[in-house]
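Listed below are the residues making up each chain.
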Amino acid sequence: NGISTHVGIATFNDATFHDDVTFTTANGNNILFDKSDNQLEFGNDVKAEFGASGQLEINFQSNSGNSSIQHTSNLGYLVLSGNNLDLRSTTSNHVYLRANYNDSVDLYFANTKRFETTNTGINVTGLTDTDTFLSSGNATFSGTITAGGATGTNGQYLKSTGSGVAWASFPAARTSQLFTASAG
C-alpha cells in the first residue's frame, strides 16, 4: 500500500493494485485506470488496438477531432450486434439510422423518419427526387405527379416525346365514348 515507481522491466506475479494506475505513453497523454470512475481512460492520440496485427483500432485524433473505430483487416466484417441498433448524435440524441430486429431499417433526417424498409419494399416519407426512375413492375402513384417539369391534370396521360415525357390530353371522342376491341 504505497507508491512504487518502476523504470524498465518489472515483473509482478499476482499483483493487485488498490488505487489509480497510470500507463505512461510516448506522447505523454497516457492511459489511466481510474478507480473512482471504474473505467479505463485513454488520452488524446492514444489508441486501443485489438488482434495480433491490430485488426481493430479505437482511437481519438486530437488534431482532427475525429473519433474512429476501424476494422483494418481484409478478412471478416466489423460486427455490431444487438436486437435493435441506433446511430445517434451525442448532443441532441437525434437518430440517424435505426435497425430493428426482424423489422425495418429506418433512415432519419433531422430526427424525422424519411426512409423505411418494409416486408414488401420501401416506404419514403416526403419528396422523392431521382435522376432516373425505372419500374420493372407495376407502379402506383397517389397525390400529384410532376413529370418533365410540369404537373398533369385530371384526364391527362404521360406521352413519350422521344427525349422525355410530356402531359397530353385524350381526344374528346375517346373520353366520352366506349370502344371494345375484338379479335378479327
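Each remark here, short or long, concerns the structure printed above.
Residues numbered from 1 in each chain as written. Predicted model: local features only at pLDDT ≥ 70, side-chain atom pairs only at ≥ 80, totals over all residues. Heavy atoms only, no water.

K.L.:
Residue-level account of the sheet that holds strand β5 (residues 56-61), with values.
P.N.:
Strand order in the open sheet formed by three strands is β4-β5-β6, with antiparallel pairing between adjacent strands. Across the chains shown, the open sheet's two edge strands, defined by having one partner strand only, are β4 (48-50) and β6 (66-71). Averaged over all pairs of adjacent strands, the angle between their axes in this sheet comes to 10°, without regard to strand direction. For β4 and β5, the ladder comprises three bridges, and the chain directions are antiparallel. Bridging across to β5, F50 finds its partner in L56. (Pairing = 2+ DSSP bridges. Helix = DSSP H or I, 4+ residues; strand = E, 2+ residues; numbered from the N terminus. Axes fitted to C-alpha atoms, helices over the stretch in contact; angles between N-to-C directions.)

K.L.:
Tell me about a nonpolar patch on the surface, residues and numbers included.
P.N.:
Together, F50, I58, I69, L78, L80 and L85 make up a nonpolar patch on the protein surface, roughly 550 Å² of accessible area in all. Inspection of the secondary structure assignment puts L78 in the loop between β6 and β7 (84-88). Note on L78: relative accessible area 44%, which makes it partly exposed. (Patch = residues over 30% accessible without salt bridge, like charges linked within 9 Å, V, L, I, M, F, W, Y side chains within 5 Å. Areas by Shrake-Rupley, 256 points an atom, 1.4 Å probe, with all protein chains shown as cover. Salt bridge = Lys/Arg side-chain N within 4 Å of Asp/Glu carboxyl O. Buried < 20%, exposed > 50% of the residue type's maximum accessible area, 1.4 Å probe, protein only.)

K.L.:
For the side chain of D106, give the residues involved together with the corresponding values.
P.N.:
Tracing the backbone shows D106 in strand β9 (residues 105-109). Buried and unpaired, D106 has K113 as its nearest opposite-charge partner, separated by 4.0 Å. In terms of polar contacts, D106 uses its side chain to reach the side chain of S104, at 2.8 Å. Those residues in contact with D106 that sit more than four places away from it in its chain are Y96, L97, R98, N100, K113, F115 and E116. (Lys, Arg positive; Asp, Glu negative; His and termini not counted. Polar contact = N/O pair within 3.5 Å; in protein donor to acceptor, adjacent residues only side chain to side chain. Contact = heavy atoms within 4.5 Å.)

K.L.:
Explain the pattern of salt bridges residue by residue, including any values.
P.N.:
When charged atoms on two side chains of opposite charge get close, those side chains can pair. Tallied over the full model, the rule gives five salt bridges. Among the salt bridges present, the one from K47 reaches E57, with a minimum N-O distance of 3.3 Å. On the criterion of sequence distance, the pair formed by K47 in the loop between β3 (39-42) and β4 and E57 in strand β5 is long-range, its members being ten residues apart. Accessibility expressed as a relative area gives 38% for K47, which makes it partly exposed. Residue E116 pairs with K113 through a salt bridge whose shortest N-O separation is 3.6 Å. Relative accessible area serves as the criterion here: at 31%, K113 is assigned to the partly exposed category. Members of the salt-bridge network, linked through shared partners, are K47, E49 and E57.

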